[in-house]
Amino acid sequence: MIPQLTEKEALSPVVLAFVDALTSRGFTGDVETHYGGRIIAATDNSIYQVTPQAVLFPRSQADVQCILQLATHEEFADVTFTARGGGTGTNGQSLTEGVVVDLSRHMNRIVEVNEAEGWAWVEPGVVLDQLNAHLKPHGVFFAPELAPSNRATIGGMVSTDASGKGSRIYGKTSNHILALDVVFSDGLAWQSVPLDASALHELKSGEALVNQIYQGVDRIITSKHELITQRFPKLSRFLTGYNLAHVYTEDGRFNLNALIAGSEGTLAVVTGIKVKLTPLPTIKRLIVAKYVSFDDSLRAATILVQANPAAIETVDDTIVTLARQDVVWDRVGKFFSQPGDDRVKSINLIEFAGTDADLVNAGTQALCDQLDALLGHEHEAVGYQLATTDADIAALWELRAKGVGLLGNAKGNRRPIPFVEDTVVPPEHLAAFIQEFRQVLDGYSLEYGMFGHVDVGCLHVRPALDLRDEADETLIRVISDQVKDLVLKYGGVIWGEHGKGLRGEYMPEFFGQELYDDLRRIKGLFDPTNKLNPGKLVTPIDHPAFVKKLDEVPLRGHRDRQIPEAVREAFPGSMHCNGNGACFNVDLDAVMCPSYKFTRDRRHSPKGRAGMMREWLRQLSHTGYDLQAEDESRGRLPIPESTDSDFSLEVYEAMDGCLSCKACTSMCPIKVDIPDLKSKFLNRLYTRYRRPLKDTLIAFGERTHHRLLAAPFLYNAGVKLPFVKPLMREWVGLVDMPKLSSPTYTALLDKAGIQVLQQIEPSSLQHRDLSHTIFILPDAITAFYEAGTFVECVTFFKKIGFEPIVTPFIENGKGQHVKGFLHDFQRTARHAAQQLAKLASMGRPIIGIDPAITLTYREEYRPYLDRQDVEVWLPQEWLVNVLPHLAASLTQLTSPAIAFMGHCGEKTSIQASGRQWQAVFQAFGLQLEIVQAGCCGMAGAFGHETAHYDESKGIYEQSWKFKLADSDRAIVATGASCRSQVQRFEGGAIAHPLQFLSRLLG
Ligand SMILES: Cc1cc2nc3c(=O)[nH]c(=O)nc-3n(C[C@H](O)[C@H](O)[C@H](O)COP(=O)(O)OP(=O)(O)OC[C@H]3O[C@@H](n4cnc5c(N)ncnc54)[C@H](O)[C@@H]3O)c2cc1C
Ligand code: SF4
Ligand code: SF4
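Residues numbered from 1 in each chain as written. Chains lettered and ligands numbered in written order. Predicted model: local features only at pLDDT ≥ 70, side-chain atom pairs only at ≥ 80, totals over all residues. Heavy atoms only, no water.

A.B. asks: Whenever I open this one, the packing of helix H17 (residues 430–443) against helix H18 (residues 470–489) confuses me. Can you help?
C.D. replies: A pair of packed helices is captured by two measures, namely the crossing angle of their axes and the spacing between those axes. Where H17 meets H18, the axes come as close as 11 Å, and the angle between the chain directions of the two elements is 165°. Comparing the axis directions of H17 and H18 gives the class roughly antiparallel. Here the hand of the crossing between H17 and H18 comes out right-handed. Judged by residue contacts, Phe433, Glu436, Phe437, Val440 and Leu441 of H17 engage Ile479, Gln482, Val483, Leu486, Val487 and Lys489 from H18. (Axes fitted to C-alpha atoms, helices over the stretch in contact; angles between N-to-C directions. Helix = DSSP H or I, 4+ residues; strand = E, 2+ residues; numbered from the N terminus. Parallel < 35°, antiparallel > 145°, perpendicular 65-115°, else oblique. Left-handed = near helix turned anticlockwise from the far one by under 90°. Contact = heavy atoms within 4.5 Å.)

A.B. asks: Would you mind going over the site of ligand 1 with me for this structure?
C.D. replies: As a matter of local geometry, ligand 1 sits amid 35 residues, with Ala83, Gly85, Thr88, Thr153 and Ser163 nearest to it. One of the backbone nitrogen or oxygen atoms of Ser163 is found 2.6 Å away from a nitrogen atom of ligand 1. Its free accessible area being 970 Å², ligand 1 has 99% of it covered by the protein chains. At the level of secondary structure, the elements contributing two or more residues to the shell around ligand 1 comprise strand E3 (81–84), helix H5 (154–160) and strand E10 (269–276). Tallied by class, the residues present in the shell around ligand 1 amount to 13 nonpolar, 19 polar and three charged. (Near = heavy atom within 4 Å. Polar contact = N/O pair within 3.5 Å; in protein donor to acceptor, adjacent residues only side chain to side chain. Areas by Shrake-Rupley, 256 points an atom, 1.4 Å probe, with all protein chains shown as cover. Nonpolar A, V, L, I, M, F, W, Y, C, P; charged D, E, K, R; others polar.)

A.B. asks: How do you make sense of the state of the cysteines when you look at a structure like this?
C.D. replies: The bond known as a disulfide is covalent and runs between the sulfur atoms of two cysteines. One pass over the structure, following the stated rule, counts zero disulfides. Cysteine Cys936 shares no disulfide, and the gap to the nearest cysteine sulfur, in Cys978, comes to 3.9 Å. (Disulfide = S-S within 2.5 Å.)

A.B. asks: Mind showing me how you'd approach empty space enclosed by the protein here?
C.D. replies: Any empty space left between atoms is shown by rolling a water-sized probe over those atoms. For the structure on display, the rule yields 11 cavities of 30 Å³ or more. Considered as a void within the structure, the largest cavity measures approximately 310 Å³ in volume. Surrounding the largest cavity, 20 residues form its lining, Arg415, Ile417, Arg556, Asp560 and Met575 being those nearest its centre. Only strand E16 (415–416), helix H20 (556–560) and helix H22 (572–576) provide two or more residues apiece to the lining of the largest cavity. With three residues, H20 is the single largest residue contributor to the lining of the largest cavity. Here the second largest cavity is characterised by a volume of approximately 120 Å³. (1 Å grid on protein atoms, 1.4 Å probe; cavity = no way out; pocket = protein on both sides within 12 Å on 5 of 7 lines; lining within 4 Å. Points joined across faces, edges and corners; volume = space filled by probe spheres on them.)

A.B. asks: Got a minute to help me understand the pattern of salt bridges in this structure?
C.D. replies: When the charged atoms of two side chains with opposite charge come close together, those side chains can pair. Counted by the stated rule, this structure contains 57 salt bridges. Between Glu123 and Arg109 there is a salt bridge, and its shortest N-O distance comes to 2.7 Å. Of this pair, Glu123 sits in the loop between strand E6 (119–122) and helix H4 (128–135) while Arg109 is found in the loop between strand E4 (99–102) and strand E5 (110–114), placing the two residues 14 residues apart along the sequence. Of the residues examined, Glu123 reaches a relative accessible area of 12% and is grouped as buried. Of the residues examined, Arg109 reaches a relative accessible area of 41% and is grouped as partly exposed. In this structure, Asp466 engages Arg468 in a salt bridge whose closest nitrogen and oxygen atoms are separated by 2.9 Å. (Salt bridge = Lys/Arg side-chain N within 4 Å of Asp/Glu carboxyl O. Buried < 20%, exposed > 50% of the residue type's maximum accessible area, 1.4 Å probe, protein only.)

A.B. asks: Sorry if this is basic, but what is going on with the nonpolar core here?
C.D. replies: Grouped burial of nonpolar side chains is what soluble globular proteins tend to show. One finds Ile154, Phe184, Val217, Leu256, Leu259, Phe433 and Phe526 to be the most contacted residues of the largest nonpolar core, which totals 120 residues. Ranked by the residues each element gives to this core, the list is headed by helix H19 (residues 507–526), at nine residues. Discounting chain neighbours no more than four positions away, the residues touching Phe184 are Leu68, Trp190, Leu209, Val210, Ile213, Leu256, Leu267, Ala268 and Phe526. Listed in part, the 46 residues of the second largest apolar core include Phe784, Val882, Ile898 and Phe900. (Core = buried A, V, L, I, M, F, W, Y, C linked by side-chain atoms within 4.5 Å.)

A.B. asks: I'm lost on helix H38 (residues 851–858) in this one. Help?
C.D. replies: Quick reminder: α-helices carry 3.6 residues per turn. Residues three or four places apart thus point the same way. Summarising burial for H38: seven of the eight residues are buried, a large majority. Of all the positions in H38, only Pro851, Ala852, Ile853, Thr854, Leu855, Thr856 and Tyr857 are classed as buried. Contacts from the buried residues of H38 go to strand E20 (773–777), helix H34 (780–785), helix H36 (814–818), helix H37 (822–840), strand E22 (846–848) and helix H40 (904–909). The distance from a side-chain oxygen at the start of H38 to the backbone nitrogen of Ala852 is 3.2 Å, and the residue carrying that oxygen is Asp850.

A.B. asks: What am I meant to see in the sheet that holds strand E8 (residues 177–183) here?
C.D. replies: Adjacent strands of a sheet pair through backbone hydrogen bonds, lying either parallel or antiparallel. Taken in spatial order, the five strands of this open sheet run E5-E6-E10-E8-E9, and their pairing is antiparallel. Looking at which strands have only one partner, the edges of the open sheet turn out to be E5 and strand E9 (189–192). On average, each strand axis in the sheet is tilted by 15° relative to the strand beside it, whichever way the strands run. In terms of strand pairing, E8 meets E10 through six bridges, oriented antiparallel. Within the sheet, the bridge partner assigned to Ala179 lies in E10 and is Lys274. Contacts from H4 reach E5, E6 and E10 within the one sheet, and its direction differs from that of E5 by about 40°. (Pairing = 2+ DSSP bridges.)

A.B. asks: Could you clarify how one ought to interpret the packing of aromatic side chains in this entry?
C.D. replies: Centre distance and the angle of the planes are the two values used to describe a pair of aromatic rings. If you walk through the whole model with that rule in mind, you get 32 aromatic pairs. Consider the rings of Phe433 and Phe437, whose centres lie 5.6 Å apart with planes at 75°: the pair is edge-to-face. Here the residue Phe433 and the residue Phe437 both occupy positions in helix H17, the gap between them amounting to four residues, near one helical turn. Residues Phe900 and Trp917 carry aromatic rings whose centres are separated by 6.2 Å and whose planes lie at 40° to one another, so their mutual orientation is tilted. Residue Phe900 is found in strand E23 (residues 898–901), and its partner Trp917 is found in helix H41 (residues 913–923); the two are separated by 17 residues along the sequence. Of the two residues, Phe900 and Trp917, both sit in the buried class. (Phe/Tyr/Trp six-rings, centres within 6.5 Å; stacked < 30°, edge-to-face > 60°.)

A.B. asks: For this particular structure, what's the right way to read the environment of Phe809?
C.D. replies: Assignment of secondary structure puts Phe809 in the loop between strand E21 (803–806) and H36. Residues contacting Phe809, with those up to four places away along its chain left out, are Glu702, His706, Tyr745, Pro778, Asp779, Ala780 and Phe784.

A.B. asks: Looking at this structure, I do not really get the side chain of Thr80. What am I missing?
C.D. replies: Topologically, Thr80 is positioned in the loop between helix H3 (61–70) and E3. Contacts of Thr80, omitting those with residues within four sequence positions, involve Thr96, Gly98, Val99, Asn530, Lys531 and Pro534.

A.B. asks: What is the right way to read the pairing of strand E2 (residues 54–57) from this model?
C.D. replies: Two faces make up the sheet, and in a regular strand the side chains alternate between them. Burial along E2 is two-sided: Ala54 and Leu56 facing one way and Val55 and Phe57 facing the other are all buried. Bridge count between strand E1 (residues 30–32) and E2: three bridges; the pairing is antiparallel. Each residue of the ladder has a partner; that of Glu32, found in E2, is Val55. In terms of strand pairing, E2 meets E4 through three bridges, oriented parallel.

A.B. asks: Hey, could you run me through the environment of Ser192 in this one?
C.D. replies: The topology assignment puts Ser192 in strand E9. For Ser192, a relative accessible area of 0% gives the class buried. For the pair Ser192 and Leu178, spaced 14 residues apart in sequence, the C-alpha separation works out to 8.8 Å. Aside from chain neighbours lying at most four places away, what touches Ser192 is Ala179, Leu180, Tyr214, Leu256, Asn257 and Ile260.

A.B. asks: Any chance you could explain unusual backbone geometry here in plain terms?
C.D. replies: Where the residue is not glycine, phi is negative for most of them; where a peptide bond is considered, it is trans in most cases. The peptide bond linking Gly241 to Tyr242 adopts the cis configuration, its omega dihedral lying at -15°. For Tyr242, the position within the fold is in the loop between helix H9 (225–231) and helix H10 (257–260). For the peptide bond that leads from Ser742 to Pro743, omega is 5°, which places it in the cis range. Relative to the elements of secondary structure, Pro743 occurs in the loop between helix H31 (724–732) and helix H32 (745–751). One non-glycine residue, Glu264, lies in the positive phi region at around 50°. Assignment of secondary structure puts Glu264 in the loop between H10 and E10. We classify Glu264 as buried; its relative accessible area is 5%.

A.B. asks: Explain the site of ligand 3 to me, please; I cannot follow it from the model alone.
C.D. replies: Cys593, Arg609, Cys658, Cys661 and Cys664 are the nearest of the 13 residues found near ligand 3. Those elements that place two or more of their residues in the shell around ligand 3 are helix H24 (606–623), helix H26 (663–667) and helix H27 (674–685). For the shell around ligand 3, a count of residues per class yields nine nonpolar, two polar and two charged.

A.B. asks: I would appreciate a short explanation of the side chain of Glu264 in the present structure.
C.D. replies: No salt bridge is formed by the buried Glu264; its nearest oppositely charged neighbour, Lys500, is found at 6.1 Å. With residues near it in sequence (within four places) discarded, Glu264 still touches Gln93, Ser159, Thr240, Gly499, Lys500, Gly501, Asn533 and Leu537. (Lys, Arg positive; Asp, Glu negative; His and termini not counted.)

In C-alpha cells:
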C-alpha cells in the first residue's frame, strides 16, 4: 500500500497572513496555497524549478491594486510578487520563491475593438491566437508573432517585448503598444501613453511615485544620451530590461511604455493593453528552399534576404527528421517529396505577404529566380517548392513553430535544454558565429538541433544535456560563459529573443558599469523596495539585494534526480514534459486539452498532471515505497474530503478531471501520455484508498452488460424505476445510465442475414471460401447500446459486396485501463490478443467500428503484451485501400451536404483519418466536409459520472454545440461517445459515416 505523502515546502506565516488579509480587503480573485498549485507554478519552459509561496489569480485591475497596496504594509515588507501569463518563459522569467500573480486565468477579456481607429484594448491574459481569431473578421491583426502563439499572453509578450517570424517588417511587441494600464509597486493604477514635451513637463500627477518615475527616467535618459547611443546594440532583436534607447520616440515624445515593455514584470504589473491593429495580409506565398547542409542554408539566406521577404527562417535536419515522426508531417510531407530530397539537411522557409498581389508575386518570383541561380552552385540549394494555400503555409510554419518542442522529443536521457537558445548577432556575422558556436558544443560532444530567424541574426540552439547528471549540470555555467564571450565578440547579445530571466548577471558586460548602474537606478525609481520579480534583470541601486546568478537557482534536475532511474523510465511522460506549454492551447476547436480549456486551471492540463506526477514519484521515492514491485493491496481507507493530509489526493484531484481523451498522447510535441500516467497512478492510489463503486461498474461494465444481453428488457426496466436514477446519480455517482438496445445486435444481425460466430475456431471455417470475408468486432458501446447503428455499419460491407462475419464479443478492457485496474487490464488484453491472433490466422481483415475501443488494441495494449500481433483496422483505414479496386462496381450516390465530426482519439492518433473518410465518400461520388471541433466532452464514461457532468456539458458547449447549430448539413460522427453526447444534449441522433452510406445504398 502506498504511504501517506506529507512532504511540503513550508509556507511562510507572513504569506499566510498576507493572503488571509487579502480576502478580507475585497480581493475577488482566487488564492491558491495548496501544494499542487504551487508545484505547477514552480516551472516554466526553463531548466529551473522554484516553488512559490502562493499563487493569486486576480479578476481585475482593482484586485492587482489590492495585492500591491496591502503589500506596502510594514508587516508584509518581505512579500514579493512575480506576474505570470502563459508561463512559457524559457529562462525562469516568471519563477519566484515569493507570490505568483497569474493574470491568465481571469483577466483574459478582449475589452474593445475600434476598427475605424485601428486599436483594441485587451486584458493581459488574452492569448495571441485568441486575439487574432477575434480580429480576423475585421481584416486586421496584432502583428507581433511568436512561436507559442496559442498560449503566450499579450501581457507576457509586452513584458518580454516578444517578436518572432515577420519581425523584419512588423518589428517587436513594443512597436504595437499605444497605451498601457499598469499598477505600480505601491498599488497605484496608472495609464501610460506617450507624452509630448509640454505634457511631460506639466505632468503633476499628485502621486509621488509617478512624479519620481517620470522625472527620474527623463533625467537619466537626457544626461546619458550619448552613452546610450554608443552602448546599446543596434540590432532589430533586442531588448528586455530596459530599453533606454527608445524612451524618446522619433517624433520626440516621451514613451514610458518603451521601458515597461520588456521589463519582465520588474517595473510594474500590466493590467490592460491598447494595441495597434495592422491590416491582415490578403495574399501570402511561402517558398521551401532545400539544402544539403545547415551552413548552405544560412549562407543562402544572407543572399535571399535581399529580395526583402517578410520572413526567412532556417530549420536544420535534426528538426526536419523529428518532424517526420510528428502529426505535422502528414500535412508538410509533400514538400519533401521531390527527387533528391533524401539529401536535404536543412531548409529555409521564406514568406512573402501583403495586400498587393502583384507586389507579393513579383517578390516571390524574384526570389525563385535567385534560387534557380543558386541551384548547382557551390552552396547549392537542392531545390525548392512553393506553398500558396493558407493551409499549406500554416502547416509549414507549424513545423517551424514546433521546432523547440520536437527537439524535446529526442530519445535518451540527454534532452535539449534552453539556456543559450536565443542569441542574436548582426545577420552578416551569423554564419561565422554559428561555426564557432558549433565548435563550443562539439568540444563537449553534445547533440543539438538548430533553427532560427536568420533574417535578423537570431539563432535557436538547445544542446542536449541530462541535468540529473551533476557533470552535465556544470556545463550550464561553462557553456553559457563561452557563448556570452562569443556573442560579445560578434557584437550581439546572448538574450536576443526570449528575455533575460535568470541571465541578468551578464548585463554589466554588455552595457558597461555606468549604464548598468543607471538601469539599477531605473528599477529603483519604479520599485524602490524590490518587490516586483526580484532577482531578475537588476536590483535597485541602493538596495542590498543582488540579481540571482544563473547557477544559484534550484534546477528541476535537482528534484528529478531524487527519483530512481528505473522509476523515471517507467513514467517517461512525467519526466520528459519540458513545460513548453503547447497543452495550454486555448483554441476551442482544437482537441488539446478539453479539461484545461474548460477549467483554465493549469492543474487540469497535461503539463499540470505531469508535473504533479513527478512530485508524487519523488515523494514516494523518499518514503522507500517500491514502485517497481507488484502491489496487489486493496485500499480500505475512504477518500477524505480534504486533500490536505496527503499529496496523493491532490494528484488524484488533477487526474480525476482528465477525460482520457488521449489528445495529449499525440498532440504534445513530447507525446506526454497522461492517460497512461493516470491509469498507473490510480492503480497505486487504490492500494491505499477504497475504490469508488462507479469505477468498478465502469471497468467491468462491458462484462456485466454482455451477460445482461440475454434479457435486456429486464435491465432497461430496472434502469427506468423511479428510485434508480437518483440512487445511481447520488450514491453511485453515475448519470444517464445507458439503456441496452432491444432487440440486441445479434437478433438484428440474424434478421439481416449476417453470420455471428459463436466462438473463434478457425477449423469451423476452414472449408469455406473466405476471399470476401471480413471480420467485424462488436464493441460494447456501439453493439450493446446502439445495436441499430452497429448493424447498419456491418450491413454496409455486405452492400458493397463483402461477406461480413461478426465475431463473438471479446472484452476490450478500455474501462479497466481508464480506471487503473491494471492487473485486470493485462489479463483482458492477453485474452483479447489470443482471440484476435486466432482470427488473424484466417488471413482476413479484422475491423472495429468504434475508434476509442479499436485504438486500444494498438495503443493501450502495447506495453502490456509480450507480442505485437494485434491488428485491428478502423473501417476507413481498410476501405481506402480496397475501394479503388471496386470503383467500377460502386453505386454513385447523391446527398445534400454532409459534414464529418471525427473522434478526438482517432483524429490525433491517425492524422490521415479525416482524409481517409473523405476518400471513402468520394468513392461513392459524395463530398465530405471535415468540421474542426474540439472534444465532445463525453469521452467514454467520463460524461456519465455525476462529478463530471457539468464539465462534460461545458466542454460540449465550447465547440460541438456551435458546430451543430451552425449546420444545415447532415452530420456524421465516428465516436459512439460523441453520438451519445449529441443525443443527450440535442435530443436527435446523428449517424456513423458507414451507417449513413448504408442507408443511401438502400
Ligand atoms: C517553445 C517556445 C517558443 C518560443 N518562441 C518565442 C518566439 O518566437 N518569440 C519570442 O519572443 N518568445 C518566444 N518564446 C518565449 C516566450 O514565449 C515569450 O517570452 C512570451 O512572450 C512569454 O509570454 P507568457 O504569457 O508565457 O509570459 P510568462 O512566461 O508568463 O512571463 C514572461 C515574463 O513576463 C512577465 N509578465 C507576464 N505577464 C505580465 C503582466 N501582466 N505584467 C507584468 N509582467 C508580466 C513575467 O513576470 C515574466 O517575467 C518561446 C517560448 C517557448 C516555450
Ligand atoms: S505536457 Fe507536453 S505540451 Fe504540455 S508542457 Fe509538457 S511537454 Fe509541453
Ligand atoms: S487525455 Fe485529454 S483531458 Fe487528459 S490530459 Fe490528455 S488532453 Fe487533457
